[in-house]
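Structure at a glance
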Amino acid sequence: MRKSLLIIFHTLFFLGLASVAFAQEVAPEVVGNIALATALGMGIAAIGTGIGQGLGLKGACEGTARNPEAGGKITVTLLIGLAMIESLAIYALVINLILLFANPFI
Amino acid sequence: MNKMVENFLRNRGFVLPKVRYLLRNQIYLALFGLVFSIILLPASWSIGFAVGAILGTFNFYFIAKLAQELIYMQRGALAPLLFSFYVRLFLTGLVLYVAIVFWGANVFALLIGLSIILVNVLIFGAALVGQKLKEA
């Protein structure tokens, strides 16, 4: 118990020292957190977009299989849906790139 | 003008008239925005808007081309959709990275340029609603 408390105390102490040492520039924890946030953000955006596009395509294929004559109308609706879903992923990508390379807060 | 663009798109394999109409409007909106931004806005805004508009238009073009083929695939349509999505996302990310980091593109202009697709879709929806109201 005492040993682990000592290790925790030392770790916190050195982390504190590191922030003092890097006070003039961006703290490394901040950079690490930003990298983690962008990775998580892009991953979640890609998952959501993938699920959304997959569901849309599934519905469109089922609709065309049931009624092949409606294929043209379904294609237009699918195209609009895909474009709108994909724009969300591109927005997330832009925000992540801003956070990584053009962050206004650091 | 409209016929010329539509013939060009038909030769590229866009057989559905409404898809051609959407794509044509997208090209017009992007070109109009480009001219507007070059004349009236500062350089960083023009670069941002141009990159956003061109990326959006190319993405829309390739989605439109893929959607026409995907809809008639009985099996295995998901793999080409996801593969093309990830390839496009990677290329878009690469271009956006270069534009933001090296070309100094304005981020708000970039977002406005990328939103042209949404404006196009909204115009299409409004036109459809207007048509339905006229018929009723």
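The rules behind each value
The numbers attached to residues start from 1 for each chain and follow its sequence in the written order. Labels follow written order: the first chain is A, the first ligand is 1, and so on. Per-residue local features of the predicted model are confined to residues with pLDDT of at least 70, and side-chain atom pairs are confined, for both listing and counting, to 80 or more; whole-chain, interface and lining totals are unaffected and use all residues. As a convention, hydrogens and water are excluded, and side-chain values are obtained from all of the structure's heavy atoms. Going along the chain from the N terminus, every DSSP run of H or I of four or more residues is numbered as a helix, and every run of E of two or more is numbered as a strand. Exposure categories follow from relative accessible area, calculated using a 1.4 Å probe and restricted to protein chains: below 20% of the type maximum is buried, above 50% is exposed, and the middle band is partly exposed. Contacts were defined at the residue level, with two residues in contact if any of their heavy atoms lie within 4.5 Å. Paired rings are identified among Phe, Tyr and Trp, the last through its six-membered ring, by centres lying within 6.5 Å, and are further divided according to the angle between planes into stacked (under 30 degrees), edge-to-face (over 60) and tilted (the rest). By buried area we mean how much accessible surface two parts lose on assembly, using a 1.4 Å probe and totalling the loss over both. A pairing counts as a salt bridge when a side-chain nitrogen of Lys or Arg comes within 4 Å of a carboxyl oxygen of Asp or Glu. Whenever a nitrogen or oxygen atom comes within 3.5 Å of another N or O atom, the pair is scored as a polar contact, on the condition that within protein one atom can donate a hydrogen and the other can accept it, and that pairs from neighbouring residues in sequence are kept only if both atoms are in side chains. For every residue, the predictor reports its confidence as pLDDT, a number between 0 and 100. Put simply, buried Ala, Val, Leu, Ile, Met, Phe, Trp, Tyr and Cys residues joined by side-chain atoms within 4.5 Å make one nonpolar core. By this rule, a helix spans an expected 1.5 Å times one less than how many residues it contains.

1. Looking at the overall build of chain A
In terms of helices and strands, chain A carries three helices and zero strands. Mapped from its N terminus to its C terminus, chain A presents α and β elements in the order α-α-α. Expressed as a percentage of its 106 residues, the buried residues of chain A come to 33%. Intrachain contacts of chain A at a sequence separation of at least 6 include 70% that bridge at least 24 residues.

2. Quick word on the overall build of chain B
When its secondary structure is counted, chain B shows six helices and zero strands. Listing every helix and strand of chain B by position from the N terminus yields α-α-α-α-α-α. Taken along its principal axes, the extent of the C-alpha atoms in chain B is 45 × 40 × 25 Å. Scored against the burial criterion, the 136 residues of chain B give a buried share of 44%.

3. A look at the packing of aromatic side chains
Residue and element names in this part refer to chain B. Enumeration according to the criterion identifies eight aromatic pairs over all chains in this entry. Look at Y61 and F62: their rings are 5.3 Å apart centre to centre, the planes differ by 85 degrees, and that puts the pair in the edge-to-face class. On the numbers, 5.8 Å between centres and 90 degrees between planes, the contact of Y97 with F102 is edge-to-face. Judged by relative accessible area, which is 28%, Y97 ranks as partly exposed. Residue classification places F102 among the exposed residues on the basis of a relative accessible area of 58%.

4. Focus on the interface of chain B and chain A
For an interface, size is often stated in terms of accessible area lost upon the parts coming together. Taken together, the contacts link 37 residues of chain B with 32 residues of chain A. When the two sides are added together, the surface that chain B and chain A hide from each other amounts to roughly 3,100 Å², 85% of it contributed by carbon and sulfur. Counting across the chain B and chain A interface gives one salt bridge. With a closest N to O distance of 2.3 Å, R88 of chain B and E86 of chain A form a salt bridge. Along the contact surface separating chain B from chain A lie two residue pairs in polar contact (both at pLDDT 80 or more).

5. Considering the confidence of the model for chain B
Should pLDDT be low for a region, the predicted coordinates there are not to be read in detail. Overall, the predicted model of chain B reaches an average pLDDT of 85, with 98% of residues at or above 70. Mean pLDDT across the elements of chain B bottoms out in helix α1 (residues 2–11) of chain B (80) and peaks in helix α2 (residues 17–40) of chain B (89).

6. Side note on the environment of A79 of chain B
The topology assignment puts A79 of chain B in helix α4 (residues 78–101). A C-alpha to C-alpha distance of 33 Å links A79 of chain B and A109 of chain B, two positions 30 residues apart in sequence.

7. What about the nonpolar core?
Ranked by internal contacts, the top residues of the largest apolar core, which has 30 residues, are L57, L78 and L79 of chain A together with F14, V19, L22 and F60 of chain B. Those elements that provide at least two residues to this core are α2 (28–66) and α3 (71–101) of chain A together with α1, α2, α3 (43–70) and α6 (116–135) of chain B. In terms of nonpolar packing, the next biggest core, distinct from the first, is built from 21 residues, A45 and I98 of chain A together with A105 and V107 of chain B among them.

8. A few points about the environment of S44 of chain B
All names here are of chain B. Structurally, S44 is set in helix α3. C-alpha of S44 to C-alpha of W103: the two residues are 59 residues apart in sequence and 8.1 Å apart in space. If we skip the residues at most four places from it in the chain, S44 touches G104, A105 and N106.

9. Considerations on the confidence of the model for chain A
When pLDDT is averaged along chain A, the result is 81; 77% of the residues meet or exceed 70. By mean pLDDT, helix α1 (residues 2–21) of chain A is the weakest element of chain A at 57, and α2 of chain A is the strongest at 90.

10. Points about α4 of chain B
The end-to-end C-alpha distance of α4 of chain B is 34 Å, a good match for the 34 Å that 24 residues give at a rise of 1.5 Å each. All buried positions along α4 of chain B are accounted for by L81, S84, F85, R88, L89, T92, G93, L96, A99 and I100 of chain B. Buried positions along α4 of chain B lie against α2 and α3 of chain A together with α3 and α5 (107–114) of chain B.

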